[in-house]
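Residue-level structure breakdown
Next come the chains, spelled out residue by residue.
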Amino acid sequence: MNELVSVRLEDRVAVVTITNPPVNALSPGVPEGLRSSIAAAAANPAALAIVVIGAGRTFIAGADIREFGKVVSGEKLRGSLHPLLLEIEDCAKPVIMAIHGTAFGGGLEVAMAGHYRVMAPNALVGQPEVKLGIIPGAAGTQRLPRLAGVAKAVEMCAFGEPVGAREAHALGIVDAVIEGDLLAGAVAFAREAAGRPHPKTRERIEKLRDADPAIFARARQQAAKIRRGQTAPLAAIDAVESATRLSFDEGCAREAELFDQCLYSAQSKALIHAFFAERGVSKIPGVPRDAAVYEIRRAAVVGAGTMGGGITMNYANAGIPVIVKETSQEALDRGMATIHKNYANSVKKGKLSHAAVHQRLSLITPQLTYDGFDQADIIAEAVFEGMALKKQVFAEIDAVARPGCILASNTSYLDIDEIASATKRPEVVLGHHYFSPANVMRLLEIVRGKATSKDVLATSMALAKKLNKIGVLAGNARGFIGNRMLTPYLREAQFLVEEGASVEDVNQALYDFGMAMGPLAMSDLAGLDVGWRIRKEFRHLEKPGVRVPLVADRLCEMGRFGQKTGRGWSQYDENRQPSPDPETAALIEQAAREAGIERRSITREEIVDRCVLALVNEGARVLDEGIALRAADIDVVYLNGYGFPAWRGGPMFYADTVGLKTVLARIEEFRQHHSDDLWSPAPLLRRLAESGARFTDFDRQREVAAGV
Ligand code: 3HC
Ligand code: NAI
């Protein structure tokens with residue numbers, strides 16, 4: 001018993017309550033409190049049985065992740081949870097774990113050491129450690145297969161997805177689902193269990209027998225595919241496999257060995273960084289966290305194209321009625337047909353029921369006028385990219401919107417202040433920049449204009465959460481955070497092919513680095529015409545004499561826009577499978593010859609460094625200019641919007657792991673070979689490198705200075 005864990009008697013059952021908000025993580029003091037509380041209850045003759053329950057919103061959400069950071073940076077490892085779990089399992093009185101909210105990681109491991117588990121109907125159990133680059137470290141890989149069976153345990157430990165109460169019950173992870181009051185149900189269950197012999201999970205072996213070895217081979221194959229490059233899923237599979245081969249104690253020892261390997265790996269540092277970075281983005285100086293100032297009850301969207309359709313779905317998915325306006329019936333029909341098709345696919349994949357789709361579609365009103373826009377709390381604009389059109393649309397919506405309505409543009413690159421100048425209310429204008437497909441991608445850049453009010457930002461951050469997005473605040477620079485950094489990344493990819501690498505070499509090198517796809521493959525997917533239109537819009541800003549990529553515009557002039565036209569950097573078959581395109585290769589060679597570029601053989605290392613360090617260097621400028629609040633915010637943008645490998649933590653964290661001195665030296669090398677204009681090191685990068693600091697240190701200092 002201590003301030004984190006208390007025990008009281010209720011109906012002759014000792015109720016042990018963990019109170020460690022917000023998520024009852026197993027922070028220092030919680031395991032100790034559990035140990036003493038359970039010992040006290042075991043020694044109390046008035047208690048027939050013991051119930052363990054979490055106060056507040058959840059059971060135990062796992063080990064305290066902050067502690068892992070301390071351990072890998074040299075602090076002494078606190079005692080493992082493992083002995084405590086053995087003690088709980090050996091308790092002479094039955095221990096019933098009452099689960100609500102989430103029993104994740106160490107939380108599920110604690111629960112499995114109890115003799116019985118009961119669960120609220122909407123609770124979840126899971127072993128999500130792999131998402132942090134580690135594996136269960138307190139016998140989860142040994143107890144879970146004994147309860148859930150080997151196949152399900154492999155899946156849960158290797159891929160980290162949780163299961164709900166009904167499934168957990170059917171699998172045998174929990175013994176009962178309690179409708180109504182969980183504590184009362186758990187106490188009643190405990191009183192009944194008191195008279196019976198109580199089972200120890202570690203002694204149950206019936207589900208381990210005859211485990212099909214194909215389970216492990218299949219899981220390894222799947223991990224190679226969907227967790228490409230990651231070591232923890234493979235370690236988790238090894239650990240569960242050892243449960244089928246070794247005794248419980250030996251299996252635990254093997255798990256501990258694998259856990260340590262994972263914990264001390266660069267991958268776990270990167271994934272833990274990503275976990276906290278994602279949760280840190282909503283901390284904005286002067287803006288209250290998660291506090292919607294305006295209520296968003298009704299939305300309206302202008303444009304039902306690729307993005308407008310996805311944005312409309314986001315609102316409908318969140319239960320917010322939404323009007324979507326187009327200029328022609330044909331465009332409206334096309335947009336609605338895509339929305340219907342997307343929902344039909346979700347039904348086909350079993351992700352949504354017909355009834356849910358019907359309900360969501362009933363929230364969408366397609367139309368050709370601004371009727372009803374005066375009722376909207378937010379209007380999202382997603383018309384073609386072009387300043388003149390954007391300003392015209394904003395003037396129109398300014399004329400119809402009610403006071404206080406938020407006006408959000410989905411522009412990819414344009415100046416939010418100039419767009420806002422078309423209205424009489426710049427304080428409610430900002431960018432809500434979604435990523436394609438907008439109904440799937442979780443990133444939302446929330447772009448602050450110079451007049452955007454804090455209330456509008458706070459509402460937007462809260463709205464992002466409601467729409468199941470990760471809102472990242474960005475300043476109003478051309479391309480904001482993500483697209484601004486993408487420009488030099490894609491530039492280097494194109495320079496590399498002009499200098500002698502093949503399109504396939506460039507794509508493969510970055511794919512092998514861990515990117516979801518290579519840069520030129522990504523351009524083909526997004527549509528080369530998108531960048532072409534933007535380059536035309538900004539051509540007047542190009543500095544004379546500075547090298548620019550030569551080929552993309554020529555491909556567009558030939559009508560080769562990428563996947564949508566079947567040809568771009570690569571050629572695509574009817575299943576959108578790419579193959580090398582000899583015409584593109586010839587075009588590249590010709591363009592290089594005309595420009596006098598000497599072609600040479602280029603290593604994979606140079607391809608990766610040129611592209612990724614171009615991202616890092618621009619990221620440092622974005623940070624220095626305050627376009628991004630934190631390096632970690634940039635990482636969140638790249639992890640969630642651009643397919644940067646999570647296990648590398650994002651471009652800025654990756655630079656920290658390489659070492660900023662090394663990064664700076666490499667950039668200086670590129671500067672010597674190429675030009676000052678393209679490769680002069682960002683001043684912030686130089687400052688940090690020369691003082692031996694990291695981007696992570698910069699974030700901490702900026703947060704302290706801003707008081708967040
Ligand atoms: N340790 C420390 N802090 C944690 C935490 C944990 N395990 N889980 C959540 N938090 C913190 C968050 O950082 C956040 O803090 P902040 O308010 O200061 O930003 C706060 O709790 C609330 O978290 P969320 O914003 O994520 O709240 P949600 O309600 O959206 O989600 C959740 C709750 C589902 C529990 C989610 O936080 C989550 O998935 N947490 C991680 C769970 C996990 O990975 N557990 C395994 C840990 S590793 C382990 O147990 C090893 C073991 O095998 C030995
Ligand atoms: P799109 O071409 O698919 O759709 C634009 C739609 O706007 C068309 O259906 C058009 O008929 C409609 N439209 C034009 N003028 C209109 C008006 N006055 N009223 C109502 N509808 C009108 O274009 P897409 O790709 O959806 O892009 C829209 C915006 O989103 C652009 O600003 C673009 O830069 C941005 N964006 C695009 C991304 C992408 O990957 N396609 C990603 C993120 C942002």
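Rules of the game
- Residues numbered from 1 in each chain as written.
- Chains lettered and ligands numbered in written order.
- Predicted model: local features only at pLDDT ≥ 70, side-chain atom pairs only at ≥ 80, totals over all residues.
- Heavy atoms only, no water.
- Pairing = 2+ DSSP bridges.
- Helix = DSSP H or I, 4+ residues; strand = E, 2+ residues; numbered from the N terminus.
- Buried < 20%, exposed > 50% of the residue type's maximum accessible area, 1.4 Å probe, protein only.
- Lys, Arg positive; Asp, Glu negative; His and termini not counted.
- Salt bridge = Lys/Arg side-chain N within 4 Å of Asp/Glu carboxyl O.
- Polar contact = N/O pair within 3.5 Å; in protein donor to acceptor, adjacent residues only side chain to side chain.
- Axes fitted to C-alpha atoms, helices over the stretch in contact; angles between N-to-C directions.
- Parallel < 35°, antiparallel > 145°, perpendicular 65-115°, else oblique.
- Left-handed = near helix turned anticlockwise from the far one by under 90°.
- Contact = heavy atoms within 4.5 Å.
- Nonpolar A, V, L, I, M, F, W, Y, C, P; charged D, E, K, R; others polar.
- Near = heavy atom within 4 Å.
- Areas by Shrake-Rupley, 256 points an atom, 1.4 Å probe, with all protein chains shown as cover.

Section: the sheet that holds strand E8 (residues 163–164)
Pairing within the open sheet is mixed, and its three strands lie in the order E5-E7-E8. Strands at the two margins of the open sheet, each flanked by one partner only, are strand E5 (102–104) and E8. Pairing geometry for strand E7 (residues 124–126) and E8, over two bridges, is antiparallel. Along E8, the bridge assignment pairs leucine 124 with glycine 164.

What about the pairing of strand E17 (residues 470–475)?
Across the six residues of E17, six count as buried, placing the element largely inside the fold. Judged by which residues are buried, E17 turns out to be covered on both faces: Ile470, Val472 and Ala474 on one side and Gly471, Leu473 and Gly475 on the other are all buried.

Here's the deal with the side chain of lysine 469
Looking at where lysine 469 falls in the secondary structure, it is placed in the loop between helix H18 (454–466) and E17. The buried charged residue lysine 469 lacks any salt bridge, with glutamate 278 as its nearest oppositely charged partner at 12 Å. Side chain to side chain, lysine 469 and asparagine 314 meet in a polar contact 3.5 Å long.

Digging into the packing of helix H19 (residues 482–499) against helix H25 (residues 604–624)
It is at 8 Å that the axes of H19 and H25 come closest, and there the two elements cross at 155°. Accordingly, the angle class assigned to the pair H19 and H25 is roughly antiparallel. The chirality of how H19 crosses H25 is right-handed. Here Arg484, Met485, Leu486, Pro488, Tyr489, Arg491, Glu492, Ala493, Phe495, Leu496 and Glu499 of H19 come into contact with H25, specifically with Glu606, Ile607, Arg610, Cys611, Ala614, Leu615, Glu618, Gly619, Arg621 and Val622. Classifying every residue of the contact of H19 with H25 by side-chain character gives twelve nonpolar, one polar and eight charged.

Some points on the site of ligand 1
Taken together, 25 residues surround ligand 1, and among them Arg57, Gly106, Glu109, Glu129 and Arg279 come closest. In the environment of ligand 1, a nitrogen atom lies 2.9 Å from a nitrogen or oxygen atom belonging to the backbone of isoleucine 65. One of the side-chain N or O atoms of glutamate 109 is found 2.7 Å from an oxygen atom in ligand 1. Within the complex, the protein chains bury 77% of what would otherwise be the 990 Å² of accessible surface of ligand 1. If you list the elements that add at least two residues to the shell around ligand 1, you get helix H2 (65–72), E5, helix H4 (106–113) and helix H12 (266–280).

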